[in-house]
Structures are given as C-alpha cells and as structure tokens.
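Observations on the model geometry
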Amino acid sequence: MVDLKSQYQKIKPAVDKAINEVIESAQFINGPEVKAFQSDMESYLGVNHVIPCANGTDALQISLMALGLKPGDEVITPSFTFIATTEVIALLGLKPVFVDVDKDTMCIDATKIEAAITDKTRAIVPVHLYGQAAEMEEIIRIAHKHKLFVVEDNAQAIGSDYNCVDGMQKTGTLGDIGCTSFFPSKNLGCYGDGGAIFTNNDELAAKMRMIVNHGQSKRYYHDIVGVNSRLDSVQAAVLRIKLRELDNYIAARRKVADYYDNFFAKYDGVKTPVRGTHSKHVFHQYTLTLEGIDRDALNAFLATKDVPSMIYYPVPAHKQEMFSAFGSAATELPVTDWLCERVLSLPIHTEMEDDQLEYICSSIAEFLDANS
Ligand SMILES: *Cc1c(COP(=O)(O)O)cnc(C)c1O
C-alpha cells in the first residue's frame, strides 16, 4: 500500500545526517529539533500554536481533555473512521454520538448534525477521511449557533487546503483544535510514532502544553491532571526534512489518483473518490466504492496477483463491541453501513511508477471484465 523504503532512499543523506546529529547531541527529549519542527509546522500551517505529542490518538485525547467537559457530555462524530477518533471520547467518560456520513465525501454529513444535538452536546469531531476535508464551514456555523467546540481529526489530510470565506486555510486550523498523526504511513509520517495538535486559541494552547507534560505549570508544580505525551527529537528531525517534501508528496499522490480516475472512468459500478469543491483532496487513501461488483471477491483476486488492497473500515465504530454499553449499534447509519460493504482502497503513495499503476489497473480490469 505504501513504499517507505524508496521514499527514504531519496532523502537518505539529509535524514541520516539529521538523526546522527540528534544522537551526537544526546538531546533525545524536548531537544532543539522539537522546537524547530514546531515552528516549521506553525509556518507551514499558518497557525499560532503547534503542540507536538506522542501520536495521533493522544492528540485527540489531549484536545478533548482541554475542553473542560464533564462525564456524560456528548461528542458528535462519524462512525465511519479509524477507531481512535471515537475511542478517546469514551475513554474520557464522554458519550460518542454517531452521525452518518455523506455518500460522496464519506465525511460526516453536516445536514444530519443538528438533529443529533441535545442539551448535553459539547463538541463535534469531524474527520477529514482519506484526505478529503469534511464540510468545515457548515460544521463551524452549526457549532457557533449551538456553542459547541470543533476538534478536527486531520490525521489523514495534513497539508490539505480549504477555501473558506476568509480565504485559503489549511485543514486542522479551521476548528478550535486540529489533530494529526505522524504514523509512518500517514501523508507526513515519521520513523516511529508521533502526533501534533494545532490551535489559534492561546488559552487552549497553554492548557494543552500543560496536559502533554503531566499538567505541569512550572517544574514539579502540577496544576491539572495530565499525561506524558512527547514527540522525541529523532522523530522531529525526520519530520523537519519530510515537511519540506510534503507538498511534493501530495502532488505525487494526486497524480496517482488522476491515473486511477482516468482508468476507472469506463467502468460502471466503480465509483472513484469525489473531490470536494471547497478543498484539495490529498489522497491519504484512494478508495473506490463498488456497486454491483463483489468487493470481497475482487479484494481476494487482487491478493492472488500480489496487488495489495484494503478495506478501511470493515466494521464501523457504532457496531464495535467496545461501545456496546452505549447501545450505539442500534443507531441508524445507513450510508455508513452501505459504505462499509462497498469500499476498497488501492495502493497509493509517493513513489508509484507507471508500470506499477499499469499492473494494478490491468489486474483489476481482468477481474471486472470476467465478472461483468
Ligand atoms: C491514524 C489515525 C489516528 C491515530 O493516529 P495514531 O498516531 O496511530 O495514534 C486517528 N484518526 C485517524 C482518522 C487516523 O487515520
């Protein structure tokens, strides 16, 4: 699905040098590389505060911890997402309230949010799934009207541009807080675990800086209950180099997406990813929706051809056993259920060659032609 080895070969001298410098300096935690990455990221995103942390799941958890919510408060979120988005809500004693997604963008359906708002609702956590931004202007409008916080799960859409009334902004900087993950296979991935939180709100930033560091205000004075969540200096050094490449990486992914789009245009029943009109799809995944085609048979056939393909996600959050206490399996999310049975993600990464794309597409064509 990804080719991190070839990607590394192209930046190897810079990365090896940067990692060695961290080792020589022996400043493995909170070293100058972490501060430098933080500031590079703030400039790239055009945001006032970037708070590095240990992973994307922590980023989401710390964001929600900073909002001062009470147990039983409700958080609106899609069910069609990676489990981390929804898991942290329950972990903090909050209640996830699942809202269906839009069939085209596969992100939370903004037209269905207001019906899910109660007097306990405190926040909305939209997910920019697969690299496609959710409808942020509408979500923020609803949030303002009902005095709710917006925490963007931007783990799959780092670097995406969103065209709003105020001009172009990066996803993850539109809501009160944005979160990302630097898991190696993400669009901006490090060589281990990593994550970051973004905000323009000085107060929330100050609180989250305390939370990531055991709730500490000054050394050995702990004002609030926090966690230990740090990005280490080696990862920060790698990320500084890869951040310079991020726009090129996005361009490479979009080129692969264009190739697939052109190839699948002639196949009825193969719906290619819809690109939102207000945002730039950064193609963390290239995900087809298959109608009248046996998705699981195609998935199995591709495995016999050594073509990786993945189902993100086979079981939506609201049907996961972990949420059985909330009775959420009874929530009606017809589009989410429908998509879970029909989506298939194809290999997409920054190093794909034309001959690889040709092989993947001809393998899929072989299946589709034999089964139509
Ligand atoms: C990867 C991911 C996360 C979690 O990030 P980790 O760094 O693995 O903890 C959260 N949400 C979404 C949508 C993701 O894709």
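Residues numbered from 1 in each chain as written. Predicted model: local features only at pLDDT ≥ 70, side-chain atom pairs only at ≥ 80, totals over all residues. Heavy atoms only, no water.

The next thing to look at is the domain arrangement of the protein chain. Domains assigned within the protein chain are domain 1 (4-100 + 107-241) and domain 2 (246-370). Taking only C-alpha atoms, the centre of domain 1 and the centre of domain 2 are 25 Å apart. The partner domain 2 presents 37 residues to the 37 residues of domain 1 that form the contact. Ranking the residues of domain 1 by area buried against domain 2 places F80, Y130 and N187 at the top, with a combined share of 24%. Where domain 1 touches domain 2, the interface holds 1 salt bridge. Here domain 1 and domain 2 share 20 residue pairs in polar contact (both at pLDDT 80 or more) between them. Counting residues per element, the ones that place at least two in the side of domain 1 that touches domain 2 are α1 (4-25), α4 (83-91), β3 (95-99) and β6 (161-164). Among the residues making up the side of domain 1 that touches domain 2, the classes are represented as 17 nonpolar, 13 polar and 7 charged. (Domains from an automatic or database assignment. Contact = heavy atoms within 4.5 Å. Buried area = accessible area lost by both parts, 1.4 Å probe. Salt bridge = Lys/Arg side-chain N within 4 Å of Asp/Glu carboxyl O. Polar contact = N/O pair within 3.5 Å; in protein donor to acceptor, adjacent residues only side chain to side chain. Helix = DSSP H or I, 4+ residues; strand = E, 2+ residues; numbered from the N terminus. Nonpolar A, V, L, I, M, F, W, Y, C, P; charged D, E, K, R; others polar.)

Taken together, 14 residues lie around the ligand, and G56, T57, D153, S181 and K186 are the ones closest in. Measuring from an oxygen atom of the ligand, one finds a side-chain N or O atom of N55 at 3.5 Å. Residue D153 places a side-chain N or O atom 2.8 Å away from a nitrogen atom belonging to the ligand. In this structure the site holding the ligand corresponds to the largest pocket. Here the shell around the ligand takes 3 residues from helix α3 (residues 56-66), the largest share from any one element. Of the residues assigned to the shell around the ligand, the class counts are 5 nonpolar, 7 polar and 2 charged. (Near = heavy atom within 4 Å. 1 Å grid on protein atoms, 1.4 Å probe; cavity = no way out; pocket = protein on both sides within 12 Å on 5 of 7 lines; lining within 4 Å. Sits in = over half its atoms within 2 Å of the grid points.)

What follows is about empty space enclosed by the protein. Within the structure shown, the criterion is met by 2 cavities of 30 Å³ or more. Put simply, the largest cavity is a space of about 70 Å³. Forming the walls of the largest cavity are V2, D3, L4, Q7, P184, K186, N187, G189, K242, R253, H349 and T350. For the lining of the largest cavity, the elements supplying multiple residues, two or more each, are α1 and α7 (233-264). Considered class by class, the residues forming the lining of the largest cavity number 3 nonpolar, 5 polar and 4 charged. Domain assignment of the residues forming the lining of the largest cavity places at least three in each of domain 1 (4-100 + 107-241) and domain 2 (246-370). Of the volumes computed, that of the second largest cavity is approximately 60 Å³. Taken together, D104, T105, M106, L129, Y130, Q132, P273, V274, H281, Q285 and T287 form the lining of the second largest cavity. (Points joined across faces, edges and corners; volume = space filled by probe spheres on them.)

Computed from the structure, the largest pocket encloses a volume of approximately 550 Å³. Around the largest pocket, the lining comprises 33 residues; the ones closest to its centre are F82, Q156, K186, H284 and Y313. Of all the secondary-structure elements, those providing two or more residues to the lining of the largest pocket are α3, α4 and β8 (177-181). Of the residues that make up the lining of the largest pocket, three or more belong to each of domain 1 (4-100 + 107-241) and domain 2 (246-370). N30, P52, R209, V212 and N213 are, among the 13 residues lining the second largest pocket, the residues nearest its centre. Elements that contribute at least two residues to the lining of the second largest pocket include exactly α2 (32-45) and β1 (49-53). Ranked by residues supplied to the lining of the second largest pocket, first place goes to α2 with 3 residues.

The residue after Y312, namely Y313, is reached through a cis peptide bond having omega 10°. When you line up the elements, Y313 lands in the loop between α8 (295-304) and α9 (334-340). Phi at Y130 is positive, roughly 65°, even though this residue is not glycine. With respect to the secondary-structure elements, Y130 resides in the loop between β4 (121-124) and α5 (136-146). Relative accessible area serves as the criterion here: at 4%, Y130 is assigned to the buried category. (Buried < 20%, exposed > 50% of the residue type's maximum accessible area, 1.4 Å probe, protein only.)

Here we come to a negative patch on the surface. A surface patch of negative charge is lined by E353, D354, D355 and E358. Judged by its relative accessible area of 46%, E353 is partly exposed. (Patch = residues over 30% accessible without salt bridge, like charges linked within 9 Å, V, L, I, M, F, W, Y side chains within 5 Å. Areas by Shrake-Rupley, 256 points an atom, 1.4 Å probe, with all protein chains shown as cover. Lys, Arg positive; Asp, Glu negative; His and termini not counted. Charge placed at Lys NZ, Arg CZ, Asp CG, Glu CD.)

Time to look at α1. Between the first and last C-alpha of α1 there are merely 27 Å, a value that for 22 residues lags more than 12% behind the 32 Å anticipated at 1.5 Å per step. Maximum bend of α1: about 75°, positioned at I11, with proline P13 one to four residues after it. For α1, every residue scored as buried is listed here: Q7, I11, V15, A18 and V22. Looking at the buried residues of α1, the elements they touch are α2 and α7. Phi turns positive, to about 60°, at A26, one or two residues after α1. (Expected span 1.5 Å × (residues − 1). Bend = angle between axes of the 7 residues up to and from the residue.)

Relative to β4, strand β2 (residues 74-78) is paired through 3 bridges, and the arrangement is parallel. Its bridge partner lying in β4, E74 is registered against T121. Where β4 and strand β5 (residues 149-153) come together, 2 bridges link them in parallel fashion. Paired with A123 across the two strands is F149, which belongs to β5. This β-α-β element, β4 to α5 to β5, shows right-handed connectivity. (Pairing = 2+ DSSP bridges. Right-handed = clockwise from strand over helix to strand, strands pointing away.)

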